[in-house]
Amino acid sequence: MNRRVHIQTMGCQMNVHDSARMEDLLAPMGYEPWDSPRGADLIIVNTCAVREKAEDKVYSYLGRLAEIKARRPDLLIAVAGCVAQARGAEILTRAPAVDMVIGTHAMARVAQVVAERVDTGRPVVDTALGDTLPLAPLPRKRERISAFVTIMSGCDNFCSYCVVPHVRGREISRPPEEILAEVRALADQGVKELTLLGQNVNSYGKKEGMPDFVELLDQVHGVSGIQRLRFVTSHPKDLSPALVDAFSRLDKLCGRVHLPVQSGSDRVLAAMNRRYTVGQYLEKLSALRRVREGMAVTTDIIVGFPGETRAEFQQTLHLVAEGDFDGVFSFKYSDRPYTAASGFPDKISEAEKSRRLNELIELANEIGLRKNRALEGTVCTVLVEGASRKDEREASGRCPDNRTVNFPAENARQLVGTFVEVRIERGNAHSLWGRPAAGPDRTRAQEVTHAA
Ligand code: SAH
Ligand code: SF4
């Protein structure tokens, strides 16, 4: 009899990828993917540990699963990913309904872990970290238009607030041949837009002595069928002139860069171990904007880092205004296990962190709205992803700079995967709205209709 596995994925794209991979690895054991916890025989919660709130969400979800298990004792529950790696066996004490704890590298061994649990009837904890890439990818079937391709895992940067290097392990890059084979397979199945994924893509290949990130970009850019190329995330300290130059050479490379700055204070940046100054960051930002007209740059900011004074926070506000960012992801600092900053003095109160966060969000929204309004009247090429979430009679897709664009379309679903020229009529805080711009063919078609 077939069994069913439901994987609940929290957190980033890496986790989405890891979950898909675990489904593949469990298939030979007879587990078929199931999209609801109800009716599943095995539930895996693939977790995020980057902020405390994300971890709290895991435990509250586990609480709900415990209720299901109380009614169905044969249900198996696993916690996988970053919280599993960070907390290990402690999870079994805090959430006794859990049967398996599967760390970030142990996800590659998910089938063995489940088999061991079934054979022994005892909880299994596997949090061993290896020095090979944990989850090599497989040919995938799900992606149609846009796909993410992992080019590296782990991180060696040890920013003082960040749990990632501790839970994902050391930086490991995938060989370029393997990445290219995956990209070609995706292009063959019709994928048009690719996002290369890593915690710090600019240091791709360095440790291994493989081609560097720009060489990899050149190779991926050469794969026919792929029409848009993106990457996340770049660390400002490693953003090289060669990468900036790639934007002038590679036309499929989309004009948007996510360049997390974290703070506008040099003292705070040093305490965060980011290894660049505000001045150096701004130089890289203007180099990016010089090389490509309309280059969109987004960033991450942490407010309320331990010891951050009101004046230092003001410096962050100044930087956000000066940076004229196209999007800002802002977070309240939270203590994470194993990190240096969790031991730093002068923690900022929750109330003050919330005040700073609100101020920052207000400023970022103001800038975002102004920049979106400035696009009114321009035409952009939208890669259609589906019907708009709010209105079935509208299609939704993205411009090369990754802004979401909605436009009226009776046949939104048929447009999926096509490119449509849209004239922007309205810039909103987080999206654009427009109408298809009449191309020469369309005008002619309309004239014919009128003549008839
Ligand atoms: N590798 C990426 C970031 C991954 S984490 C990079 O270096 O840009 C995504 C974002 O979460 C970070 O950029 C940071 O802004 C935020 N973040 C990480 N740890 C945090 C913590 N302890 N508290 C609050 N925000 C945090
Ligand atoms: Fe975390 Fe810094 Fe690595 Fe990004 S670069 S994952 S913030 S340690």
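Keep in mind that what you see is a predicted model, and the values were worked out from it rather than measured. (Residues numbered from 1 in each chain as written. Chains lettered and ligands numbered in written order. Predicted model: local features only at pLDDT ≥ 70, side-chain atom pairs only at ≥ 80, totals over all residues. Heavy atoms only, no water.)

Participant: Kindly report on the state of the cysteines, identifying the contributing residues and their values.
Facilitator: Tallying each qualifying case throughout the model produces one disulfide. A sulfur-sulfur separation of 2.5 Å characterises the disulfide bridge that pairs Cys 380 with Cys 399. Taking the torsion about the S-S bond as the criterion, the Cys 380 to Cys 399 disulfide, at about -50°, is left-handed. One end of the pair, Cys 380, is in strand 15 (residues 379-387); the other, Cys 399, is in the loop between strand 16 (394-398) and strand 17 (404-408), and 19 residues separate them in sequence. Note on Cys 399: relative accessible area 4%, which makes it buried. Between Cys 254, a cysteine without a disulfide, and Cys 399, which holds the nearest cysteine sulfur, the sulfur-to-sulfur distance is 10 Å. Judged by relative accessible area, which is 6%, Cys 254 ranks as buried. (Disulfide = S-S within 2.5 Å. Helix = DSSP H or I, 4+ residues; strand = E, 2+ residues; numbered from the N terminus. Buried < 20%, exposed > 50% of the residue type's maximum accessible area, 1.4 Å probe, protein only.)

Participant: How would you sum up the site of ligand 1? Please name residues and give values.
Facilitator: In the vicinity of ligand 1 lie 15 residues, with Arg 51, Gln 199, Gln 262, Asp 300 and Ser 334 positioned nearest. A distance of 2.6 Å separates an oxygen atom of ligand 1 from a polar side-chain atom of Asp 300. Separating a nitrogen atom of ligand 1 from a backbone N or O atom of Ser 334 is a distance of 2.8 Å. Surface burial for ligand 1 is 89%, taken as the share of its 540 Å² of free accessible area covered by protein chains. Put simply, the parts of the chain that give the shell around ligand 1 at least two residues each are strand 13 (296-303) and strand 14 (327-332). Classifying every residue of the shell around ligand 1 by side-chain character gives six nonpolar, four polar and five charged. Each of domain 2 (138-254) and domain 3 (262-374) contributes no fewer than three residues to the shell around ligand 1. (Near = heavy atom within 4 Å. Polar contact = N/O pair within 3.5 Å; in protein donor to acceptor, adjacent residues only side chain to side chain. Areas by Shrake-Rupley, 256 points an atom, 1.4 Å probe, with all protein chains shown as cover. Nonpolar A, V, L, I, M, F, W, Y, C, P; charged D, E, K, R; others polar. Domains from an automatic or database assignment.)

From the geometry alone we can't say anything about function, so treat these as descriptive.
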